[in-house]
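# Secondary and tertiary structure notes
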Amino acid sequence: MRTLEKYANLNLLWIFPIIVPLGTILLSFYLQEWYWGLMDDAGILGAGHNFSGRLSYFDAMLGGSGLFRPTFGLHSVIFYTLFEHTPVLMHVLKWVEAILALLLWGVAAWRISGVAVTLPIFGAVALSFHYFYDSLFFISTHDILGLLFMGAALNLYLAALDRNGWANFVGHALVGMVLMFVGFGAKEPMVACGVGFGLSFLLLGQMDIQVRSKALILGSTLLGVAVLYGLAIKLFVQSGYSSSYSFTNFPKMLGNLLAWLRKDVFNHSPWLVIILVLGLAAIRTGGAAHLISQFNIRQRWGMIFGTVLYGGYLLFLLPWNTTAYYAGPLGVFFAMPVSILVAVVWSESRIGVQVLIPVASLLFNMLVSQWALTRESLYHYDTQNLMTWVRGNPEFQL
């Protein structure tokens, strides 16, 4: 009994790398006068003076400008109207949406691994990626909204596989597909998640005989739907803003790949080092075969699944931008395989290691969140000064 309590207390250490950075960000919303940005925020607010007037912005998100983002358009019309005079509440809303997205994806990682500590480890790993924080400060970004609905869809797909009876399978899968389409409507690159879901469930059908039929049906359906959706966007929507998006622009793709290596991979490197150290320690203790035997089929699949999601989304970003808020979802996808691997191996490590890793995670997340907060605070301050100057300059007045 005491042993169980001891390990439960060690699991609680993983809460601090989550609540400290998120609490710091929330406190900054109270201490600083966070306001609207200059570009997208101004465009949304300027589209009208009330809900019905701003529906023109929703119309613009239906393909006319080379973008098809109905979910984001409707979300913006509703909440920018509600919080028009209290922009700090819009920041708080994005903060809440980010927490919900992390919770949904973390629960999915937990369901896959079957190890409870996967959930807080997932949050800790995701919050170590500094581009994830951009979505909390640039309130007109779409990525968190897409991740929120894709995470809900993923949990329904996993439930569909594990529930008894074909009626339950079909019901959960259909609701999941509805939520997935809503996620697609937040931002076009979310189609990469649909493709990743499809490919990964097809693989699960080959790996796990217990859910083979359901996984193959689900995977082939999701893959087909996502590919068709992506082709429709390419053929009927791409123009204007998105006209330069091309997989044949090799110089731009190479530049974005190098930027990913310099910035994103560098940000991931502490966790990559931790994985290497844990793996080598486990191999030294029981050998490579013992390390591999620690992971069941679903856990192995979960690590492959997260890697497929990460690689697929990165591939979609290469013709566009692999840094800034565009790369924010990569932190969530990176957390999927890392949290599953660390949860399994960490639970079998020595007590000193079980204390050291969450403490190191806390310190790293404090550094990353403070870096992001300082950077965005300075940007916000400069934006406010520029906005004041524009409003006071008669040359910019109509």
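Check the entry above for the structure.
The structure reproduced in this document is the subject of the present report. These numbers were taken from a predicted model, which means no experiment stands behind them. (Residues numbered from 1 in each chain as written. Predicted model: local features only at pLDDT ≥ 70, side-chain atom pairs only at ≥ 80, totals over all residues. Heavy atoms only, no water.)

## Description of the nonpolar core
What counts, and what does not: Think of a nonpolar core as a cluster: buried Ala, Val, Leu, Ile, Met, Phe, Trp, Tyr and Cys residues, connected wherever their side-chain atoms sit within 4.5 Å. Using a 1.4 Å probe on the protein chains alone, a residue whose accessible area is under 20% of its type maximum counts as buried, one over 50% counts as exposed, and one in between counts as partly exposed. Here a helix means four or more residues in a row that DSSP labels H or I, a strand means two or more in a row labelled E, and each is numbered from the N terminus. Note on definitions: a residue-residue contact is assigned when non-hydrogen atoms from the two residues lie within 4.5 Å.
Ranked by size, the top nonpolar core spans 99 residues in total, and within it Trp105, Phe197 and Phe201 carry the most contacts. With 14 residues, helix H16 (residues 328–347) is the largest single contributor of residues to this core. Apart from residues lying up to four places away in sequence, Phe197 is in contact with Trp105, Met150, Leu154, Tyr157, Met180, Leu222, Phe305 and Leu309. Of all hydrophobic cores here, the second largest spans twelve residues; its members include Phe72, Phe83, Met90 and Leu93.

## Observations concerning the layout of surface pockets
What counts, and what does not: Lining residues are those with an atom within 4 Å of a point, where the points come from a 1 Å grid over the protein atoms alone and group into cavities, where a 1.4 Å probe fits but cannot get out, or pockets, open sets with protein on both sides within 12 Å along at least five of seven lines. Grid points are joined across faces, edges and corners, and a volume is the space filled by probe spheres set on the points. When residues are sorted by character, Ala, Val, Leu, Ile, Met, Phe, Trp, Tyr, Cys and Pro go into the nonpolar class, Asp, Glu, Lys and Arg into the charged class, and all the rest, Gly among them, into the polar class.
Size it by volume and the largest pocket reaches roughly 600 Å³. Considering the residues around the largest pocket, the lining is formed by 24 residues, among which Glu188, Pro189, Ile233, Tyr245 and Phe316 are closest to the centre. Top contributing element to the lining of the largest pocket by residue count: helix H12 (residues 212–236), with six residues. Each residue belonging to the lining of the largest pocket can be placed in one class, and the counts come to 15 nonpolar, five polar and four charged.

## Observations concerning the packing of helix H11 (residues 191–207) against H12
For clarity, the cut-off: Convention adopted: a line fitted to C-alpha atoms gives each axis, helices being fitted over their contacting stretch, and angles between N-to-C directions are expressed from 0 to 180 degrees. Angular relationships are summarised with four words: roughly parallel below 35 degrees, roughly antiparallel beyond 145, roughly perpendicular across 65 to 115, and oblique for the angles in between. Should the near helix be turned anticlockwise from the far one by less than a right angle, the crossing is left-handed, and should it be turned clockwise, the crossing is right-handed.
Between H11 and H12, the least distance of the axes is 7 Å, while the angle of their chain directions is 155°. Overall, the two elements H11 and H12 adopt an arrangement that is roughly antiparallel. Between H11 and H12 the crossing geometry is left-handed. Contacts from Val191, Gly194, Val195, Phe197, Gly198, Leu199, Phe201, Leu202, Leu204, Gly205 and Gln206 of H11 reach H12 at Arg212, Ala215, Leu216, Leu218, Gly219, Ser220, Leu222, Leu223, Ala226, Tyr229 and Gly230. Here the residues of the contact of H11 with H12 sort into 14 nonpolar, seven polar and one charged.

## Concerning the pattern of salt bridges
We apply this condition: Criterion for a salt bridge: a side-chain nitrogen of Lys or Arg within 4 Å of a carboxyl oxygen of Asp or Glu.
As enumerated under the stated definition, the model contains seven salt bridges in all. Across the salt bridge formed by Arg54 and Glu84, the nearest N and O atoms sit 3.0 Å from each other. You can see Arg54 sitting in the loop between helix H3 (40–45) and helix H4 (55–60) and its partner Glu84 sitting in the loop between helix H5 (70–82) and helix H6 (87–113), a full 30 residues away along the chain. For Glu84, a relative accessible area of 24% corresponds to the partly exposed category. In this structure, the salt-bridge partner of Arg298 is Asp162, at a minimum N-O distance of 3.4 Å. On the criterion of sequence distance, the pair formed by Arg298 in helix H15 (residues 297–317) and Asp162 in helix H9 (residues 143–162) is long-range, its members being 136 residues apart. You can call Arg298 buried: its relative accessible area is 14%. In the salt-bridge network here, residues are joined through shared partners; they are Asp134, Arg375 and Glu376.

## Some points on the packing of aromatic side chains
Rule in force here: Think of it this way: a Phe, Tyr or Trp ring, Trp meaning its six-membered ring, pairs with another when their centres are within 6.5 Å, and the plane angle makes it stacked under 30 degrees, edge-to-face over 60, tilted otherwise.
Applying the stated criterion across every chain yields a total of 26 aromatic pairs. Note on Phe129 and Tyr131: the rings are 5.7 Å apart at their centroids and 80° apart in plane angle, and the pair reads as edge-to-face. Judged by centre distance (5.4 Å) and plane angle (85°), the rings of Trp166 and Phe169 are edge-to-face. One end of the pair is Trp166 and the other is Phe169, both in helix H10 (residues 166–184) and three residues apart, which spans about a single turn.

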